[in-house]
Amino acid sequence: MVTEGSIKTTAQIVSMKLAGEIVAKALIGCENILKVGVTTKEIDDFLRTFIEKEGAKPAFLGLYGFPATACISLNEEIVHGIPGSRKLIKGDLVSIDCGAIVNGMYSDHARTYLIGNEKNIVKEKLISVASKALDIGISNSIAGNKIGIVSQSIEEYVLSQGFEVVREYVGHGIGTQLHEPPSVPNFGKSNEGALLRVGMAIAIEPMVTEGDWKTRMLDDKWTVVTKDGKLSSHAEDTILITENGPEILTRLKK
Ligand code: MG
Ligand code: MG
């Protein structure tokens, strides 16, 4: 049986919008410190301070025992990297994944950055394909569509660009918890999955790999890397399904 996502109340939506806005601002703010020589712990400290100053709580800190505010994953690391003393070097591909909680409601957001103005066609393409795949998935997040339409559109686009999508980790419903039903895979068929309905919220998060999509977990029991050691990138937004189409909660309104 396919489990559908919960329908949010008006008050819950107000809180989710604020949680989304705070995490969007936090990631934009941290772009200023993403330079050669900065440690991943310093990036994490910036995000924690920012989120707490805005009156929100970091969503990941302590969740399932995770020890930091953000998951920071470099190069062949796909997701769930633990911030620490590692210093960024020129050419690092850095994925930052972060969430906030406002009045018990969650947001979830990730972007990948290339450090130090390196010109590298593959790395730049990995970032742009993950980001475009996310946008394509969002454009299909319409009430009445099955999640499979979102999934298939993401997979088809990524494959058409010569990359692969990770299968062992997927997007998810979001609301009073970070991870709620339904699953939002980045692969699949249009007739699969839960039906999107007005008032549901989902986190869409394509994880794109340069080589094979298979993954491996490091000894820290958190960091997920590509099995073949090739590069990956990650992009994520929290989306509210409205009667007027998808509303992206983790991007600032223009
Ligand atoms: Mg995330
Ligand atoms: Mg997520």
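It should be emphasised that the depicted structure is a prediction, and the values quoted were computed from it without experimental measurement. (Residues numbered from 1 in each chain as written. Chains lettered and ligands numbered in written order. Predicted model: local features only at pLDDT ≥ 70, side-chain atom pairs only at ≥ 80, totals over all residues. Heavy atoms only, no water.)

Draft legend 1. Just the coordination of the magnesium ion (ligand 2), in detail. The coordination sphere of the magnesium ion (ligand 2), as far as protein atoms go, consists of D108 (OD), H172 (NE2), E205 (OE) and E236 (OE), spread over 2.1 to 2.2 Å. The sequence pattern formed by the donor residues of the magnesium ion (ligand 2) is D-x63-H-x32-E-x30-E. Here the magnesium ion (ligand 2) and the magnesium ion (ligand 1) are spaced 3.1 Å apart, and both take D108 as a donor. Within this pair, whereas D108 is found in the loop between β6 (105–106) and β7 (109–114), its partner E205 is found in the loop between β11 (201–204) and β12 (207–209), the two being separated by 97 residues in sequence. (Donors = N, O, S within 2.8 Å, 3.2 Å for Na, K, Ca; no water. Helix = DSSP H or I, 4+ residues; strand = E, 2+ residues; numbered from the N terminus.)

Draft legend 2. Layout of the environment of S160. Mapped onto the secondary structure, S160 falls in helix α4 (residues 147–160). In this structure the C-alpha to C-alpha distance between S160 and A130, which are 30 residues apart in sequence, comes to 12 Å. At 2.6 Å, the side chain of S160 forms a polar contact with the backbone oxygen of Y157. (Polar contact = N/O pair within 3.5 Å; in protein donor to acceptor, adjacent residues only side chain to side chain.)

Draft legend 3. Layout of the packing of helix α1 (residues 10–30) against helix α2 (residues 40–53). Running from N to C, α1 and α2 cross one another at 140 degrees; their axes reach a closest spacing of 10 Å. α1 and α2 meet at a crossing whose hand is right-handed. Across from I22, K25, A26, L27, G29 and C30 in α1, the residues of α2 making contact are I43, F46, L47, F50 and I51. (Axes fitted to C-alpha atoms, helices over the stretch in contact; angles between N-to-C directions. Left-handed = near helix turned anticlockwise from the far one by under 90°. Contact = heavy atoms within 4.5 Å.)

Draft legend 4. Focus on the nonpolar core. Of all hydrophobic cores here, the largest spans 25 residues; its most connected members are I154, V158, L196, I202, I204 and V208. Those elements that place two or more of their residues in this core are α3 (121–139), α4, β11 and β16 (237–242). With six residues, α3 is the single largest residue contributor to this core. If we skip the residues at most four places from it in the chain, L196 touches N140, S141, I142, A143, G144, N145, I147, V150, I202 and I241. In this structure, A19, L34, A70 and L74 belong to the second largest nonpolar core, which totals 23 residues. (Core = buried A, V, L, I, M, F, W, Y, C linked by side-chain atoms within 4.5 Å. Buried < 20%, exposed > 50% of the residue type's maximum accessible area, 1.4 Å probe, protein only.)

Draft legend 5. Fine view of the pattern of salt bridges. Under the definition given, this model contains 14 salt bridges. Measuring nitrogen to oxygen at the nearest pair gives 3.1 Å for the salt bridge that ties E52 to R48. One end of the pair is E52 and the other is R48, both in helix α2 and four residues apart, which spans about a single turn. E52 sits in the partly exposed class, given a relative accessible area of 39%. When its relative accessible area of 35% is taken as the criterion, R48 is described as partly exposed. Through salt bridges that share partners, R111, D135, D237 and R251 make up one connected network. (Salt bridge = Lys/Arg side-chain N within 4 Å of Asp/Glu carboxyl O.)

Draft legend 6. Spotlight on the packing of α3 against α4. The contact between α3 and α4 brings their axes to 8 Å, and the two run at 150 degrees. In terms of orientation, α3 lies roughly antiparallel with respect to α4. The element α3 and its partner α4 pack so that their crossing is right-handed. Taken together, the residues of α4 that come into contact with α3 (itself represented by V129, K132, A133, I136 and G137) are V150, S153, I154, Y157 and V158. (Parallel < 35°, antiparallel > 145°, perpendicular 65-115°, else oblique.)

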